[in-house]
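The lines below spell out each chain.
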Amino acid sequence: MSSSVRHGSSRGQAWFCTTGLPSDVVFEVHDMTFHLHKFPLMSKSRKIHRMLSEQEEQRPAWERRRRRQVKSGSDGGEDGAAETEIEEAEEEEEEAEHEQQQVRTGEGDGQPYSIAFSDFPGGPGTFEAAAKFCYGVRVELTAWNVAPLRCAAEYLEMTEDHAEDNLAARAEAYLDQTVLRHPGDATKALKSCEELLPVAEELGIVSRCVEAIAARSSAASRSWFDDLAMLGLRMYKRVMAAMAARDDVRAEVRESCLVSYARGTIPGLSRSMRRRLASTPVSSEVEQKELLEVVVASLPTHKCSGRVVTAKFLFALLRTALILRASDAARTALERKAATQLQQATLEDVLILSYSGTAETLYDVDCVQRIIRYFLAEEEAGGEASSSAAIEEEEAVAAEVARPSAVVMVQVAKLVDSYLAEVASDANLKPAKFCELALLLPDHARIYDDSVYHAVDIYLKAHPRLTAEERDRVVGVVDCRKLTVEACTHAEQNERLPLRAVLQVLFFEQLQLRRAITSTLLAPSAGGAPRAGPSEAAAWRGATALAQESQVLRLDMDSVARRVQELERECSSMRRAIKKIDGRGGSPSPGRRSADGGGDGSRHAAGGWRARHGCKFSTQVCDSHARNVVASRASRMGMSP
C-alpha cells in the first residue's frame, strides 16, 4: 500500500490510500483526514466495525427522509399526501433491491462514510500506523511507538477477540520481550506515555516502565543515564521514588541519574557545566526553578562519594539556585552539601558572583562564609562522634571517613586563602568582613601564614584609605610566628605594613632564632656516643669523623651566637629610636607623621629609622632556615637535631 498526501484548505492535511479503488470511509483524526476503505479496517477493529455498521443501518432511512422532504415541498393537498405514501412504498422496495445489488457487486452509492476521532491517543501518526497494520503492511515497532500503538489498539478494540494476531497482542509482546528489558528503552517508552495519559496509566504501561527502569538500572551500562533528561518532572519523580524504594539499587546509580537529569533539564546549570543536551527544549524560569528544587530534594541525605555528585556539580547547582532565586531551604541544603566536599572544590568553584541587588561586593562572600561554617560544624560533629566510646565499629569507621582529617583541613585552608587573595582587591569589601573570613579557620589549619599575608598585602594595596585602627585589625589576622623566610623578608621591607607589625615580625624572628640555637647546641651531646662498627678501625674512623663534624658545628654556632648579639644590640637601638619618635609625636615634622598614624607618614618613618640605624637583616635568621642548617649538619653526623 502506498500513500499520497495533499494539503487542504481548512482541514490541514489529507491522507489517501492509493490501492486503485475509491475510498468509502473518511476518518478525521485531529487536524488530518484519512480516506480509506472500510472492509480492511472492519476486519481488524471491532470499534470501526460497530460504528460503520450503525451508519449503514441508518443511511436508507436518512435517504428516504431526504427525498420525502424534497417532494413534500413541491406537492400539496390530500392528493399529494396519498401519492407520497405510494411513492414511499415503492422507494422502500427499490432501496432493498439496490442494497442487495451492492452486496453482490461490492459497489457503494458514491457517498463515503465519515468517522471522527477527536481524542485518538497518539494523534494522526499513530492512527496512520494502525491503519497500515489493518491493510497488512508491516509496521516496525520501536521503543518510541510501542506505547502509542498499544493505546491505539485499545482505543480501536484491535484485540484477539476480534481477530487473531492483532495489534494489541503484537504491541504487548514487543513491550515485554524487548522494551522492558533495558532501562534506556523503558525510559523512551515512558516518555511517550506522557502524551497518552490516562490510557497508558490504565493499561499499566507507565508503572511497568518505571519498575523496569528501577529494577535494571544497576545491571545496565551507564549510557542510558542521559535519556532521563527527556522525562518530565512527574515521571522523573516516579522513577527516583521507585529506585529509592528498592534495596538493590546502588547509591552511585541514583546519584548518576540525578546528575544526568539536572544537567539535561536545567539550562543555567548546563551552561556552567559546559554541557547541554541539544534535543532538550529550554524551560521557562519558573519551570527551571521547580526542576532545581526537585533535584535538590533528590540529593542523598548521606555524604556523597564525590565521584558522581562532585564539588564542581554542587557549586554549579548552588550558583544556578542563586540566579533563579530558589527557596531558602533549597539554597541552605545546597550550601550544606557543598560544605561536605569543600576540600575538592577549586577557586573557580567558590568564586560565586553576587546576584542580589543589595550586595555591594562583586562576589558573594556571605555564601562562601556560610559554607565554611557548615564545613567546620561537620568537622566538630565528626570529631565528637569518633571520640565517643559507645559507638559501634562500623559507625566509628563511617564517622572517621566523614570527619575532615588534618590533610583535608589544610586543603580547605589553602582554598580559603586563595579566595581571600581573589576578593581582597574588591574596593567594596569591608575590613570587618575580610577579617571575619580570614579568622574562620582554626590555627592548626594553616602550617604557614604566607598565603594570608599575601592576601593582606593585596587588601592593603587596594584599600589605601584605611584608618590606623582598620589597618592594624587587618594585619592582625597574620600570625607572624608562622611566616617563612621569604614572607619575613618581604614583611620587613613592606612599607604598607604598620611599624608595629614590622617590629613584631623582627621580634619573632629573634625568638625563633634563639630556639633554633638552643636545640642545635643540645644536639651534639645527645648524639655524641661512639658508634659501633664491624672493627676497631672502622669505629676509630667513625669517631674521628664525628669529632671533626662536631668541631665544625660548634664553630658555626659561635658565629650564629655572635650574630644574635648583634641583633640584640640593633633591637635595643631600634627601641630607643622608637621612644624618641613617640616623644616627638605631638609636633611632627612637615614631611612625617607619627609611627602609629599609618599612611605615607608611617612608611616614611619606617624607611627612615631603617636607614638611620643601618638595619640590614640576613635571611639566615629565620627559623625554617636554621632548622635546615641544623638538619644538614646533623644528617652528616648521624644524629637528630
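Everything here concerns the structure above.
Parameters at a glance
- Residues numbered from 1 in each chain as written.
- Predicted model: local features only at pLDDT ≥ 70, side-chain atom pairs only at ≥ 80, totals over all residues.
- Heavy atoms only, no water.
- Phe/Tyr/Trp six-rings, centres within 6.5 Å; stacked < 30°, edge-to-face > 60°.
- Helix = DSSP H or I, 4+ residues; strand = E, 2+ residues; numbered from the N terminus.
- Buried < 20%, exposed > 50% of the residue type's maximum accessible area, 1.4 Å probe, protein only.
- Expected span 1.5 Å × (residues − 1).
- Salt bridge = Lys/Arg side-chain N within 4 Å of Asp/Glu carboxyl O.
- Axes fitted to C-alpha atoms, helices over the stretch in contact; angles between N-to-C directions.
- Parallel < 35°, antiparallel > 145°, perpendicular 65-115°, else oblique.
- Contact = heavy atoms within 4.5 Å.
- Nonpolar A, V, L, I, M, F, W, Y, C, P; charged D, E, K, R; others polar.
- Polar contact = N/O pair within 3.5 Å; in protein donor to acceptor, adjacent residues only side chain to side chain.
- Pairing = 2+ DSSP bridges.

Peer 1: I'm lost on the packing of aromatic side chains in this one. Help?
Peer 2: Two measures describe an aromatic ring pair: the distance that separates the ring centres and the angle between the ring planes. If you walk through the whole model with that rule in mind, you get 12 aromatic pairs. Judged by centre distance (5.3 Å) and plane angle (50°), the ring pair of Phe27 and Phe127 falls under tilted. Of this pair, Phe27 sits in strand E3 (residues 25–29) while Phe127 is found in helix H4 (residues 123–134), placing the two residues 100 residues apart along the sequence. Each of the two residues, Phe27 as well as Phe127, counts as buried. Taken together through their ring pairs, the aromatic side chains of Phe27, Phe34, Phe117, Phe120, Phe127 and Tyr155 make up a single cluster.

Peer 1: When you look at helix H14 (residues 311–324) in this model, what are you seeing that I'm missing?
Peer 2: Helical periodicity: at 3.6 residues per turn, an α-helix aligns residues three or four positions apart in one direction. Across its 14 residues, H14 extends 20 Å between first and last C-alpha, which sits within 8% of the 20 Å expected from 1.5 Å per residue. Turning to H14, its buried residues are Ala311, Phe313, Leu314, Phe315, Ala316, Leu317, Leu318, Arg319, Thr320, Ala321, Leu322 and Leu324. Downstream of H14 by one or two residues, Arg325 has phi in the positive range, about 55°.

Peer 1: Help me understand the pattern of salt bridges in this model?
Peer 2: Side-chain pairs of opposite charge can arise whenever the charged atoms involved come near each other. Tallied over the entire structure, the rule returns 23 salt bridges. Between Glu157 and Arg50 there is a salt bridge whose closest N-O contact spans 3.1 Å. Taken as a pair, Glu157 in the loop between helix H5 (146–156) and helix H6 (167–177) and Arg50 in helix H2 (residues 46–74) lie far apart in primary sequence, 107 residues in all. Judged by its relative accessible area of 35%, Arg50 is partly exposed.

Peer 1: What is the right way to look at the packing of helix H11 (residues 251–265) against helix H13 (residues 285–298) in this model?
Peer 2: Angle between the axes and distance between the axes: these two values describe a pair of packed helices. Running from N to C, H11 and H13 point in directions that differ by 170°, and their axes come no closer than 10 Å. Between H11 and H13, the interaxial angle falls into the category roughly antiparallel. Each of Leu258, Tyr261, Ala262 and Thr265 in H11 lies in contact with H13, whose residues at this interface are Leu291, Val295 and Ser298. For the contact of H11 with H13, the residue count by class is 5 nonpolar, 2 polar and no charged.

Peer 1: I keep staring at the side chain of Ser256 and nothing clicks. Help me out?
Peer 2: The residue Ser256 is located in helix H11 in this model. Judged by relative accessible area, Ser256 falls into the buried class, the value being 7%. Engagement of the side chain of Ser256 in a polar contact is seen with the backbone oxygen of Glu252, the distance being 2.9 Å.

Peer 1: Could you clarify how one ought to interpret the pairing of E3 in this entry?
Peer 2: Regular strands have side chains that alternate between both faces of the sheet. For E3, a buried count of 4 out of 5 residues is recorded, marking the element as mostly surrounded by other parts of the structure. As judged from the 5 bridges shared by E3 and strand E4 (residues 32–36), these two strands associate in the antiparallel manner. From the neighbouring strand, Val25 faces E4, where its bridge partner is Leu36. Once E3 ends, the chain turns through 2 residues before running back antiparallel as E4, passing His30 with a positive phi of about 55°.

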